[in-house]
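# Inside the fold
One letter stands for each residue in the lines below.
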Amino acid sequence: QQQVKQSPQSLIVQKGGISIINCAYENTAFDYFPWYQQFPGKGPALLIAIRPDVSEKKEGRFTISFNKSAKQFSLHIMDSQPGDSATYFCAAKATPLVFGKGTRLSVIA
Amino acid sequence: GAGVSQTPSNKVTEKGKYVELRCDPISGHTALYWYRQSLGQGPEFLIYFQGTGAADDSGLPNDRFFAVRPEGSVSTLKIQRTERGDSAVYLCASSPTLGQNTGELFFGEGSRLTVL
């Protein structure tokens, strides 16, 4: 049973463009929604996170939009850079943390 | 060390063999998690410890998998009678809390297990 559904599987964006990754969940007990970034050969690292009582959170070029009624949340990367090329995972927590399948982002010059 | 340390970084074994994977969490972190990541997939939960006890082992796929954390710090994931389907990267993560107030897990770089 996949508790967090993530799309797209892969994404190619031009440098300077906006990258958008979407996630949906079913379990209303989830109370924390982080996004993790993973580079090849490394473990995932927390990028940004949001709680369900907030509709948006912004940190630098990264923004999470959260729609509680639709049970969806998304990551927006503004002014995407080649260094952003990585795999991104949405996750949700009711303990333990459950992850989506990931989106491989490639930012091309 | 400053981060979560996992050893070995790579392990190649033959089908049917026994393997142990070690995780040394960030000092002072009470919660420790094991995840498994197959190629092109997200991390899949296996087990987590709060202190020395396994608080949730519902993700262990079968009784060939076992994990311990005898002194509440270092943990070992043990896999008996390995199968080719066990090939994956085994990730360890630690957290300074029970995980009830934050979702931040600090991951190691993983142990890549290949079963031939």
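As shown above, the structure is provided for reference.
Here's what I pulled together on the structure shown here. Here the residue numbers are simple positions, counted from 1 along each chain's written sequence. Written order decides the labels, with chains lettered from A and ligands numbered from 1. Restriction of local features to residues with pLDDT of at least 70 applies here, the model being predicted, together with a cutoff of 80 or more for giving and counting side-chain atom pairs; totals for whole chains, interfaces and linings are based on all residues. Only hydrogens and water are set aside; all other atoms, that is, all heavy atoms of the structure, feed into the side-chain values.

## Comments concerning a nonpolar patch on the surface
Here is the rule we go by: Each patch is built from residues lacking any salt bridge and having more than 30% relative accessible area; the joining distance is 9 Å for like charges and 5 Å for nonpolar side chains (Val, Leu, Ile, Met, Phe, Trp, Tyr). For the area figures, the Shrake-Rupley method with a 1.4 Å probe applies, and any residue is considered shielded solely by the protein chains shown. Should a side-chain nitrogen of Lys or Arg be within 4 Å of a carboxyl oxygen of Asp or Glu, the pair is scored as a salt bridge. Under the scheme applied here, a residue whose accessible area is under 20% of the maximum for its type counts as buried, over 50% as exposed, and between as partly exposed, the area being computed with a 1.4 Å probe on protein chains only.
On the surface, A:I18, A:I20 and A:M78 cluster together into a nonpolar patch covering about 240 Å² of accessible area. Overall, the relative accessible area of 35% leaves A:M78 in the partly exposed class.

## With respect to the interface of chain B and chain A
As a reminder of what qualifies: The contact definition used throughout considers only heavy atoms, calling two residues in contact when any of these lie within 4.5 Å. Throughout, buried area stands for the accessible area (probe radius 1.4 Å) lost by two parts on being put together, summed over both. Pairing of N or O atoms within 3.5 Å defines a polar contact, subject to two protein rules: one partner must be a possible hydrogen donor and the other a possible acceptor, and residues neighboring in sequence count only if both atoms are side-chain atoms. In this description a helix means any DSSP run of H or I spanning at least four residues, a strand means any run of E spanning at least two, and both kinds are numbered starting from the N terminus. Under the scheme applied, nonpolar residues are Ala, Val, Leu, Ile, Met, Phe, Trp, Tyr, Cys and Pro; charged residues are Asp, Glu, Lys and Arg; polar residues are all the others, including Gly.
Opposite the 21 residues of chain B that make contact, chain A presents 18 residues. Buried area between chain B and chain A, summed over both chains or domains, comes out near 1500 Å², and the portion from carbon and sulfur atoms is 53%. Linking chain B to chain A there are one salt bridge. The residue B:E109 makes a salt bridge to A:K42 at a minimum N-O spacing of 2.8 Å. At the junction of chain B with chain A, the criterion picks out four residue pairs in polar contact (both at pLDDT 80 or more). The element that contributes the greatest number of residues to the side of chain B that touches chain A is strand β4 (residues 31-37) of chain B, accounting for three residues. Its residues assigned to classes, the side of chain B that touches chain A shows eight nonpolar, ten polar and three charged.

## Concerning the sheet that holds strand β8 (residues 72-77) of chain A
All names here are of chain A. For the record, the criterion: Between any two strands, at least two bridges found by DSSP are needed for them to pair. Note on definitions: angles span 0 to 180 degrees between N-to-C directions of axes, and those axes are lines fitted to C-alpha atoms, for helices only across the stretch in contact.
Spatially, β1-β3-β8-β7-β6 is the arrangement adopted by the five strands of the open sheet, whose pairing is antiparallel. Strand pairing shows two members of the sheet lacking a second neighbour, β1 (4-7) and β6 (56-59), which therefore form its edges. In this sheet, adjacent strand axes meet at a mean angle of 15° when their direction is disregarded. Of the strand pairs in this sheet, β1 and strand β3 (residues 19-25) are connected by four bridges, and their pairing is antiparallel. Paired with V4 across the strands is Y25, a residue of β3.

## Observations concerning the state of the cysteines
Residues and elements named next belong to chain A. Where we set the bar: The term disulfide is used for any two cysteine sulfur atoms that are within 2.5 Å.
If you walk through the whole model with that rule in mind, you get two disulfides over all chains. There is a disulfide in this structure between C23 and C90, and the S-S distance comes to 1.8 Å. The sign of the -90° torsion about the S-S bond sets the C23-C90 disulfide as left-handed. One end of the pair, C23, is in strand β3; the other, C90, is in strand β9 (residues 86-93), with 67 residues separating them in the sequence.

## Quick word on the sheet that holds strand β3 (residues 19-24) of chain B
Residues and elements named next belong to chain B. Taken in spatial order, the four strands of this open sheet run β1-β3-β8-β7, and their pairing is antiparallel. Taken across any chain shown, the strands that pair with only one partner, and hence form the sheet edges, are β1 (5-7) and β7 (65-68). On average, adjacent strands in this sheet sit at an angle of 15° to one another, irrespective of strand direction. Pairing geometry for β7 and strand β8 (residues 75-79), over four bridges, is antiparallel. Of the residues in β8, the one forming a bridge with F66 is K78.

The quantities given are spatial measurements derived from coordinates; they are silent on function.
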